[in-house]
Amino acid sequence: MEAQQRAAAVYGTEETRFLINGSTVGILSALAGCTRRGDEVLIARNCHKSVYNAIRLLHLEAHYFYPDLSKRYDLIENIGDRQIKEIQDILENNKKIRAMVLPSPTYEGVVMDIARLKKVTEKYNVILIVDEAHGAHFPFHEYFPKSAIDCGGDIVIQSTHKTLPAMTQTALLHLCTDKITPEAI
C-alpha cells in the first residue's frame, strides 16, 4: 500500500494500483469498475484486443469511432475535427454510454489530444479511459509528450515494462479523478 501511495505521488494521481498482468488487466478492471452489464461504451477501432475482450466478458454494447489514417504514411493520425464531430454525435445519440476507451500513444507512437477529448466526454458525463501502455515514461522529462494523467484522463493505464525498467507485465492503473471510487476498480 505504501509503495502504491508513493507511485501516486510520483505520477500526481488520486490513486495508483500496481498490476501484475500488464495493461490488459487494467483495461478489464477499469471497464468493470465504471460500467454494469448492459451498459454502452465508445471505443476507438484501434484499441488493444483486451478492450474487445472486456466488452464481451462484461456484456457491454460497443459503439466505435474510426481514427483517420495518414494518406502519406498509412498510420493512425491524431483525433481531428471529423472524429470530434463523430464522437459528439455518437454521445448525443446514445445516452447510455458510460465510458470511452482509446490508446494514446497508439502502436505507431501517435499521442492523442486527450485534453480536447476530455472536454467532449465531460459534457456527456462519460468516463475517459486512456490506454497509455507505451507512455509510462511521459511524466519524467519535458522532452516527452504530456501524459494523459495531466491532460484529463479519468483512468489511465500504463505498462511500465514497455518503457521503464520493470519486470515483465508490470503495469499501473491510475485513478485521476474522483468520478470513480477506488473500491469500484
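Attention here is on the structure that accompanies the text. From a predicted model like this one, the values you see are computed outputs, not experimental measurements.

1. Focus on the packing of aromatic side chains
Each aromatic ring pair is summarised here by two numbers: the centre-to-centre distance and the angle between the ring planes.
Then comes step 1: What the rule picks out here adds up to three aromatic pairs.
Then comes step 2: A ring pair is formed by Tyr143 and Phe144, whose centres lie 5.8 Å apart and whose planes are at 70 degrees; its orientation type is edge-to-face.
Then comes step 3: Given a relative accessible area of 30%, Phe144 falls into the partly exposed group.

2. What to know about helix H3 (residues 49-57)
Then comes step 1: For H3, the complete set of buried residues consists of Ser50, Val51, Ala54 and Ile55. Buried positions in H3, seen along its axis, are confined to an arc of 145 degrees and lie on one side of it. Pointing more than 90 degrees away from the buried face of H3 are the exposed residues Lys49, Arg56 and Leu57.
Then comes step 2: Of the surrounding elements, those touching the buried residues of H3 are helix H2 (22-34), strand S2 (40-44), strand S3 (61-65) and strand S4 (97-103).
Then comes step 3: His59 occupies a position one or two residues after H3 and carries a positive phi of about 60 degrees.

Rules of the game
- Residues numbered from 1 in each chain as written.
- Predicted model: local features only at pLDDT ≥ 70, side-chain atom pairs only at ≥ 80, totals over all residues.
- Heavy atoms only, no water.
- Phe/Tyr/Trp six-rings, centres within 6.5 Å; stacked < 30°, edge-to-face > 60°.
- Buried < 20%, exposed > 50% of the residue type's maximum accessible area, 1.4 Å probe, protein only.
- Helix = DSSP H or I, 4+ residues; strand = E, 2+ residues; numbered from the N terminus.
- Arc of directions from axis to C-beta.
- Contact = heavy atoms within 4.5 Å.

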